[in-house]
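Structural features, examined
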Amino acid sequence: MKKSKNEKLEVYSVIGFSIMMWFISIILIFLGVSLLKGNYSSVHGKVLDTTNDKEGYAKELGKPTLLFGIGLFISGIIAVILPHDFSITVAAGFLLFIVVISGIWFYRVQKRFS
């Protein structure tokens, strides 16, 4: 059975979304692992300048960064696995959930170290 032009476009947009999510997630996962090791060279800002425990701050920032990276990776998987009719919608909903959780976690880390 031949696919229409619209169906092909939907498939390509889902694949493009997934590849983009996976690429960004790999970068964030590497950054999160680096932060978890205590490497704070990629961190900047007022909180880092005023805190005495720079390695501890980096390690705490690494946890939500890693969660965000893994969430992006999973949203890319969700977009590919689910039927194309609503896959990006479900993946975006999951991504929004991860962004809210990570944002709250980042906020708490900032408040604790400031």
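Here is a short report on the structure shown in this document. (Residues numbered from 1 in each chain as written. Predicted model: local features only at pLDDT ≥ 70, side-chain atom pairs only at ≥ 80, totals over all residues. Heavy atoms only, no water.)

**Side note on the overall build of the protein chain**
In terms of regular secondary structure, the protein chain is built from four helices and zero strands. Going from N to C terminus, the protein chain has its helices and strands arranged as α-α-α-α. Considering only intrachain contacts with a sequence separation of at least 6, the fraction spanning at least 24 residues in the protein chain is 68%. Split by element, the accessible area of the protein chain, about 7,600 Å² in all, is 68% carbon and sulfur. (Helix = DSSP H or I, 4+ residues; strand = E, 2+ residues; numbered from the N terminus. Contact = heavy atoms within 4.5 Å. Areas by Shrake-Rupley, 256 points an atom, 1.4 Å probe, with all protein chains shown as cover.)

**Looking at the packing of aromatic side chains**
Evaluation of the coordinates by the stated rule reveals two aromatic pairs. Residues W22 and F73 carry aromatic rings whose centres are separated by 6.2 Å and whose planes lie at 45° to one another, so their mutual orientation is tilted. Remark: F73 occurs in helix α3 (residues 54-81) and W22 occurs in helix α1 (residues 5-36); sequence separation between them is 51 residues. Assessed through its relative accessible area of 28%, W22 is described here as partly exposed. (Phe/Tyr/Trp six-rings, centres within 6.5 Å; stacked < 30°, edge-to-face > 60°. Buried < 20%, exposed > 50% of the residue type's maximum accessible area, 1.4 Å probe, protein only.)

**Some remarks on the environment of L66**
Mapping L66 onto the fold places it in helix α3. As a C-alpha pair, L66 and L31 span 35 residues in sequence and 7.7 Å in three-dimensional space.

**Some thoughts on the side chain of T51**
Residue placement: T51 occurs in the loop between α2 (46-50) and α3. Among the polar contacts listed, one links the side chain of T51 to the backbone nitrogen of D53, at a separation of 3.4 Å. (Polar contact = N/O pair within 3.5 Å; in protein donor to acceptor, adjacent residues only side chain to side chain.)

**A look at a nonpolar patch on the surface**
A surface patch of nonpolar side chains, amounting to about 400 Å² of accessible area, comprises M20, F23, I24 and I27. Relative to the helices and strands, M20 is located in helix α1. The exposure class of M20 is partly exposed, given its relative accessible area of 45%. (Patch = residues over 30% accessible without salt bridge, like charges linked within 9 Å, V, L, I, M, F, W, Y side chains within 5 Å. Salt bridge = Lys/Arg side-chain N within 4 Å of Asp/Glu carboxyl O.)

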